[in-house]
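Commentary on secondary and tertiary structure
Take a look at the letters that make up each chain.
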Amino acid sequence: MILIILFAGILLFVFGALLLPTKALRIGGGTLGCLTLLGAALLMIGNDNWHWGMVQVTTTKTTKIASVSPSRQLDLLVYQPLKHSSTERVYAYRLPTSSQQHHTAADLKTTNRISSQNTATPTLVTKTTSWRYRPGIWRWLFSDTGKHHEVIKTENTFVLPRSWETLSVRQSKWLAQAADDQVRSAKHTLAGTVAQIVAEQRLANPSLTDDQLQAIKQRATRAATTQAQQQLPQLKAKLIAQAKAQPVE
């Protein structure tokens, strides 16, 4: 409606000042049109620069999230630093029901922070503050401007269990490669250990049958696997510490 009032003021000013039959009417019509034009322009300028007729509204949305790591042994939130910035980051996460990754916005109005808490469910709490028109005449005036929800700022808070880790994209790729190398090395070591145990048992007792040797191999495999699993937490912590020591980009 404000645009219609502005256009009406222009028409009234032009036609009133030029086409009305008497001088008094032309002065009156031109003055009314000028005041209407100036009033509409002032309202638009005040709304655009000082948000006249608007109020700040904050909405909060909580979303459950899941780790982007393909490994069930590691819960991970990853980020990508923005260029030319040492603090701004874009975080990647996914929803529990989807494998598709989602990202936080990369703009100056968005801030991200991480809060590690004693919780079992990781969530993303998004607080969005925006300008909205006051109900009544202000909403009626600016109903045709198409600018009804101007975002002021968005605050993203990742509420994570204390078991979660946060790494950059580059660090997470290094960790994945290091974990794969460690798995291959562990399999090779396990196979060598089992083979050595079987060989020692065969040498100590040459009369062992194939079934007995197979049973020895199975017991040795279970024992070596159990020992490897017991060492897994320490190995995981070591790899994560090494990953965090890598460059972030």
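Use the structure listed above.
Report follows, based on the coordinates.

Quick notes on the rules
Residues numbered from 1 in each chain as written. Predicted model: local features only at pLDDT ≥ 70, side-chain atom pairs only at ≥ 80, totals over all residues. Heavy atoms only, no water. Helix = DSSP H or I, 4+ residues; strand = E, 2+ residues; numbered from the N terminus. Rg over C-alpha atoms; globule rule 2.2 N^0.38 Å. Buried < 20%, exposed > 50% of the residue type's maximum accessible area, 1.4 Å probe, protein only. Contact = heavy atoms within 4.5 Å. Areas by Shrake-Rupley, 256 points an atom, 1.4 Å probe, with all protein chains shown as cover. Lys, Arg positive; Asp, Glu negative; His and termini not counted. Charge placed at Lys NZ, Arg CZ, Asp CG, Glu CD. Expected span 1.5 Å × (residues − 1). Salt bridge = Lys/Arg side-chain N within 4 Å of Asp/Glu carboxyl O. Pairing = 2+ DSSP bridges. Polar contact = N/O pair within 3.5 Å; in protein donor to acceptor, adjacent residues only side chain to side chain. Axes fitted to C-alpha atoms, helices over the stretch in contact; angles between N-to-C directions. Parallel < 35°, antiparallel > 145°, perpendicular 65-115°, else oblique. Left-handed = near helix turned anticlockwise from the far one by under 90°. Nonpolar A, V, L, I, M, F, W, Y, C, P; charged D, E, K, R; others polar. Phe/Tyr/Trp six-rings, centres within 6.5 Å; stacked < 30°, edge-to-face > 60°.

As for the overall build of the protein chain
Along its length, the protein chain carries five helices and eight strands. Each helix and strand of the protein chain, ordered N terminal to C terminal, gives the series α-α-β-β-β-β-β-β-α-β-β-α-α. At 35 Å, the protein chain has a C-alpha radius of gyration far larger than the 18 Å of a compact globule built from 249 residues. Along the first, second and third principal axes, the C-alpha set of the protein chain runs to 130 × 35 × 30 Å. By the burial criterion, 27% of the 249 residues in the protein chain qualify as buried. Residue pairs in contact within the protein chain that sit at least 24 positions apart in sequence constitute 70% of those at least 6 positions apart. Surface summary for the protein chain: the accessible area is close to 16300 Å², and the carbon and sulfur share equals 58%. Averaging the coordinates of the 28 positive side-chain charges in the protein chain and doing the same for the 14 negative ones gives two points 6 Å apart.

Remarks on helix α2 (residues 23-50)
Residue pairs three or four apart in sequence face the same way in an α-helix, which turns once every 3.6 residues. The terminal C-alpha atoms of α2, which comprises 28 residues, lie 39 Å apart, in line with the 40 Å expected from a rise of 1.5 Å per residue. Considering only its buried residues, α2 is in contact with α1 (2-19), β1 (54-64) and β6 (123-133). Where α2 terminates, the next one or two residues include His51, which has phi positive at roughly 60°.

Thoughts on the pattern of salt bridges
Across all of its chains, the model carries three salt bridges by this definition. Residues Lys153 and Glu155 are paired through a salt bridge, measuring 3.4 Å at the closest nitrogen-oxygen approach. Here Lys153 falls in the partly exposed class, since its relative accessible area comes to 38%. Classification of Glu155 as partly exposed rests on a relative accessible area of 31%.

Concerning unusual backbone geometry
Phi at His51 takes a positive value of approximately 60°, unusual for a residue other than glycine. Counting through the fold element by element, His51 comes out in the loop between α2 and β1.

Section: the pairing of strand β7 (residues 150-161)
Look at any regular strand and the pattern is simple: side chains alternate between the two faces of the sheet. Inspection of the sheet shows strand β5 (residues 110-117) paired to β7 by eight bridges, in the parallel sense. Bridged to Thr111 within β7 is Glu155. Bridge count between β6 and β7: nine bridges; the pairing is antiparallel. Paired with Thr126 across the bridge in β7 is Asn156.

Considerations on the side chain of Asn47
Along the chain, Asn47 turns up in helix α2. At a separation of 3.1 Å, a polar atom in the side chain of Asn47 contacts the side chain of Tyr133. Apart from the residues lying within four places of it in its own chain, the contact partners of Asn47 are Trp52, Met54, Tyr133 and Phe142.

Re the packing of α1 against α2
Contact geometry of α1 with α2 gives a least axis separation of 7 Å together with a crossing angle of 155°. In terms of axis orientation, α1 runs roughly antiparallel to α2. α1 and α2 meet at a crossing whose hand is left-handed. A per-class count over the contact of α1 with α2 returns 17 nonpolar, six polar and one charged.

With respect to the sheet that holds strand β2 (residues 76-81)
Across the sheet, four strands lie side by side as β4-β3-β2-β8; this open sheet has mixed pairing. Edge positions in the sheet fall to β4 (101-103) and β8 (165-168), since each of these pairs with one other strand and no more. Ignoring strand direction, the axes of neighbouring strands in this sheet form an average angle of 30°. Of the strands in this sheet, β2 and β8 touch helix α4 (residues 169-204), which is tilted by about 105° from β8.

A short note on the sheet that holds β6
If you walk across this open sheet you meet the four strands as β1-β6-β7-β5, and the pairing is mixed. The outermost strands of the open sheet, each flanked by one partner alone, are β1 and β5. Ignoring which end each strand starts from, the neighbouring axes of this sheet average 15° apart.

Regarding the packing of aromatic side chains
As enumerated under the stated definition, the model contains six aromatic pairs in all. Seen from their ring centres, Tyr79 and Tyr91 are 5.8 Å apart, and the 50° between their planes marks the pair as tilted. Remark: Tyr91 occurs in strand β3 (residues 89-94) and Tyr79 occurs in strand β2; sequence separation between them is 12 residues. Each member of the pair, Tyr79 as well as Tyr91, carries the same accessibility label: buried.

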